[in-house]
Amino acid sequence: MKTVNKIDNIIEALCRHEDPKSISILEEIGTNSEIDEIREKTAHALIRKNCPESLRVVISSAGKGINDLSARVAMSSINEILSLNDKTEVLKVLEETMNSEEKSEIKDTARSVKALITYSM
């Protein structure tokens, strides 16, 4: 339990940190964890940063964020995106992902999340 609290604190600190390296640390360590809860909390932190670099990790990367193989992590990431007050950057990254040369599964997921945002507005 104590370790989980420490991990939560580290993820939250990286979320609040303005250094661009914080995104790469969250991506490298958090989104690659074998523990669903850590991947979920990391995805939330990256989404709350709400900048193109962090959003690309959770939107355009295979096996991360909305594309995670765990339904819990993927759905939680989508819900976190939907709860953002300012969805401007998210919509840009979703559009960029849909128009990129990414895998069709990633494009389809981006298209679905964009539709959810559009219908929820």
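Our structure's up above, just so we're on the same page.
Residues numbered from 1 in each chain as written. Predicted model: local features only at pLDDT ≥ 70, side-chain atom pairs only at ≥ 80, totals over all residues. Heavy atoms only, no water.

## Considerations on the environment of Lys114
Argument step 1. Assignment of secondary structure puts Lys114 in helix 7 (residues 104–120).
Argument step 2. Given the relative accessible area of 25%, Lys114 is considered partly exposed.
Argument step 3. A C-alpha to C-alpha distance of 8.0 Å links Lys114 and Glu95, two positions 19 residues apart in sequence.
Argument step 4. Beyond its immediate sequence surroundings of up to four residues, Lys114 is in contact with Leu91, Leu94, Glu95 and Met98. (Helix = DSSP H or I, 4+ residues; strand = E, 2+ residues; numbered from the N terminus. Buried < 20%, exposed > 50% of the residue type's maximum accessible area, 1.4 Å probe, protein only. Contact = heavy atoms within 4.5 Å.)

## Quick word on the environment of Glu12
Argument step 1. Looking at the secondary structure, you find Glu12 in helix 1 (residues 2–16).
Argument step 2. When the C-alpha positions of Glu12 and Tyr119 are compared, they lie 30 Å apart, and in sequence the two are 107 residues distant.

## Considering the packing of helix 2 (residues 21–30) against helix 3 (residues 36–49)
Argument step 1. It is at 10 Å that the axes of helix 2 and helix 3 come closest, and there the two elements cross at 160 degrees. In terms of orientation, helix 2 and helix 3 fall into the roughly antiparallel class. Regarding helix 2 and helix 3, the two cross each other, and that crossing is left-handed. Packed against helix 2, whose contacting residues are Ser22, Ile23, Leu26 and Gly30, the element helix 3 presents Ile38, Arg39, Thr42, Ala45, Leu46 and Lys49 at the interface. (Axes fitted to C-alpha atoms, helices over the stretch in contact; angles between N-to-C directions. Parallel < 35°, antiparallel > 145°, perpendicular 65-115°, else oblique. Left-handed = near helix turned anticlockwise from the far one by under 90°.)

## Concerning the pattern of salt bridges
Argument step 1. Under the defined criterion, the tally for this structure stands at 12 salt bridges.
Argument step 2. The shortest N-O distance in the salt bridge between Glu89 and Lys92 comes to 3.7 Å. You can see Glu89 and its partner Lys92 sitting in helix 6 (residues 88–98), three residues apart, about one turn around the helix.
Argument step 3. Each of Asp8, Glu37 and Lys41 takes part in a single network of salt bridges with overlapping partners. (Salt bridge = Lys/Arg side-chain N within 4 Å of Asp/Glu carboxyl O.)

Scope: geometric values only; no functional claims are made or implied.
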